[in-house]
Amino acid sequence: MTGFASGQGEALGLGWSWDLRSVNARGLDIRVRVPDWIEGLDQALRALLTKRLSRGSVTVSLRLNGNGTDAVQDLNEAQLERVLSAMARIEEDAMARGLSLTASSAADLMSLRGVLDTPHQQADPAEVRAYLLQDFVPVLESFLASRQSEGAALTDVLRNQVAQVADLVTQADAMADARKAEQQDRLRAALARVLDGQDSVDEQRIAQELALIAVKADVTEELDRLRAHVDAAHALLDADGAVGRKLDFLMQEFNREANTLCSKAQSAPLTAIGLELKSVIDQMREQVQNVE
């Protein structure tokens, strides 16, 4: 199921922004993109998402910077001392060799790695993780609300499609009854052609063949199972919690019965109804992929 949410926060001299989104997937696939130095944040976010979600390809991204309102950069005096000592030795060696070096400015020194501590280097990773996890909760709730809103709209679409299936099953039932007389006439004509000019007839064998033909053409069981699937679909759409995988399985059962109906139809109008059933079921199956 698709969904999206974002959020921003700042604390401890840090500013951050969240991006949480998902697209359709048969199972649950979570991808977390967070800074490596915040130990345990990846696992904690995965645990929160796994607890609340059961389906979808979910991506959560965190952008962290030092632009918080209390962001500062402190001079790392120890690192500066190491840099100055190294520069002095370099200049000494250069003079001994008769080389002239360009003078370095304070800006040059400040740009060297480690001379100025960035906020995340000053911050305690455990404290930062606690702030981030607390800030992530409303982002997750907003994300779930967006998925819930889409789910409500999808429920209406699926209910309408289930109603179409129920109507087509009713039409197929009426068509199956209407073709019975036609089937009987065809069987009698075929039987008359077979028996024409025959001196002896194996009545038991004929009865067996007629029974077999009748069974192969009977769609009562398929229509009964389709009605049962319609009831099961309504029950799942009325249920609370995650039902996407159950609906996915139910779509396979719908399709199986529709295929059998088409293979047994032996009638153009009934075949047409079966094909329409397959079309609606296929549309349902696509929508079900969006359901949690």
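Check the entry above for the structure.
The structure displayed is predicted, hence computed values, not measured ones.

Draft legend 1. How the structure looks around the sheet that holds strand 3 (residues 28–33). Taken together, four strands build an open sheet; the order of strands is 1-2-4-3 and the sheet is mixed. Because the sheet does not close on itself, it has two edges, and the strands there are strand 1 (3–11) and strand 3. The sheet shows a mean angle of 10 degrees between the axes of neighbouring strands, direction not considered. Relative to strand 4 (residues 56–65), strand 2 (residues 14–23) is paired through nine bridges, and the arrangement is antiparallel. Looking across to strand 4, one finds that Gly15 is bridged to Asn65.

Draft legend 2. Looking closely at the packing of aromatic side chains. Evaluation of the coordinates by the stated rule reveals one aromatic pair. On the basis of an interplanar angle of 55 degrees and a centroid distance of 4.9 Å, the ring pair of Trp18 and Phe136 is categorised as tilted. In this pair, Trp18 sits in strand 2 while Phe136 sits in helix 5 (residues 125–195), placing the two residues 118 residues apart along the sequence. The residues Trp18 and Phe136 share a single accessibility class, namely buried.

Draft legend 3. Region of the structure containing the pairing of strand 3. Two strands pair when backbone bridges link them, and strand 3 and strand 4 are joined in this way by six bridges, in the parallel orientation. Note that in strand 4 the partner of Arg31 across the bridge is Thr59. In this region the chain leaves strand 3, passes through helix 1 (residues 41–52) and returns to the parallel neighbour strand 4; the handedness of that crossover is left-handed.

Draft legend 4. The arrangement of the nonpolar core in detail. In terms of nonpolar packing, the biggest core is built from 31 residues, with Val165, Leu223, Leu247, Phe254, Leu261, Leu277 and Met284 touching the most fellow members. For this core, the secondary structure elements donating two or more residues are helix 5, helix 7 (220–238), helix 8 (244–264) and helix 9 (268–288). For this core, the element with the highest residue contribution is helix 5, accounting for eight residues. Contact partners of Leu223, with chain neighbours within four places excluded, come to Val169, Ala172, Asp173 and Leu261.

Definitions and cut-offs
- Residues numbered from 1 in each chain as written.
- Predicted model: local features only at pLDDT ≥ 70, side-chain atom pairs only at ≥ 80, totals over all residues.
- Heavy atoms only, no water.
- Pairing = 2+ DSSP bridges.
- Helix = DSSP H or I, 4+ residues; strand = E, 2+ residues; numbered from the N terminus.
- Axes fitted to C-alpha atoms, helices over the stretch in contact; angles between N-to-C directions.
- Phe/Tyr/Trp six-rings, centres within 6.5 Å; stacked < 30°, edge-to-face > 60°.
- Buried < 20%, exposed > 50% of the residue type's maximum accessible area, 1.4 Å probe, protein only.
- Right-handed = clockwise from strand over helix to strand, strands pointing away.
- Core = buried A, V, L, I, M, F, W, Y, C linked by side-chain atoms within 4.5 Å.
- Contact = heavy atoms within 4.5 Å.

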